[in-house]
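# What the coordinates show
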Amino acid sequence: RIFLHVTFEIKKANEPAFFKAFAPLLLASIREAGCIKYQMTKEKDAPADSCTYVLLEEWTTEEALTAHEQTAHFKEYVPQMAANAKISVLKYKPFNVAAIAAKL
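A short tour of the structure in this document, coming up.

## Regarding the overall build of the protein
When helices and strands are counted, the protein shows 4 helices and 4 strands. Along the protein, from the amino end to the carboxyl end, the secondary structure elements read β-α-β-β-α-α-β-α. Expressed as lengths along the three principal axes of its C-alpha atoms, the size of the protein is roughly 50 × 35 × 15 Å. Expressed as a percentage of its 104 residues, the buried residues of the protein come to 31%. When the accessible surface of the protein is summed, it comes to about 6600 Å², and 59% of that surface belongs to carbon and sulfur atoms. Charge centroids of the protein, computed over 13 positive and 12 negative side chains, lie 2 Å from each other.

Right, dumping it as structure tokens:
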């Protein structure tokens, strides 16, 4: 499995345009075979002029994620989202804490 933590810093004035692009991306992405999770969260105590959102993604394999990034909907909507938000992406893989703890 592969996990993404995608942060979007969005000015309030840009939210409508951002979500106009994000909504169809979400609907298409959750239908992809390798998508396990595609969940948006919102900053709880955002300032009045901007907000930070975090998209939590989970994919079955790195190949499924790569295929997602090559889809027509990804190529169409992500640039539109990027025009309205500062985006940063962190990629994670599973980590077995129990195996480490067992060695202690």
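## Observations regarding helix H3 (residues 72–82)
Where H3 is concerned, the buried positions are His 73, Tyr 77 and Met 81. Down the axis of H3, the buried set is contained in an arc of 50°. They therefore lie on one face. In H3, those exposed residues whose orientation departs by more than 90 degrees from the buried face are Ala 72 and Lys 75. Buried-residue contacts for H3 involve strand E1 (2–11), helix H1 (15–29), helix H2 (62–69) and strand E4 (86–92).

## Some thoughts on the sheet that holds strand E3 (residues 50–59)
Read across the sheet, 4 strands follow the order E2-E3-E1-E4 without closing on themselves; strand pairing throughout is antiparallel. In the strand order of this sheet, the two ends are held by strand E2 (35–42) and E4, each with one partner. Between one strand axis and the next, the sheet turns through 15° on average, direction left out of account. Both E2 and E3 contribute to a ladder of 7 bridges, which runs antiparallel. Bridge pairing links Tyr 38 to Glu 57 in E3. Contacts from H2 reach E1, E2, E3 and E4 within the one sheet, and its direction differs from that of E3 by about 130°.

Parameters and conventions
Residues numbered from 1 in each chain as written. Predicted model: local features only at pLDDT ≥ 70, side-chain atom pairs only at ≥ 80, totals over all residues. Heavy atoms only, no water. Helix = DSSP H or I, 4+ residues; strand = E, 2+ residues; numbered from the N terminus. Buried < 20%, exposed > 50% of the residue type's maximum accessible area, 1.4 Å probe, protein only. Areas by Shrake-Rupley, 256 points an atom, 1.4 Å probe, with all protein chains shown as cover. Lys, Arg positive; Asp, Glu negative; His and termini not counted. Charge placed at Lys NZ, Arg CZ, Asp CG, Glu CD. Arc of directions from axis to C-beta. Contact = heavy atoms within 4.5 Å. Pairing = 2+ DSSP bridges. Axes fitted to C-alpha atoms, helices over the stretch in contact; angles between N-to-C directions.

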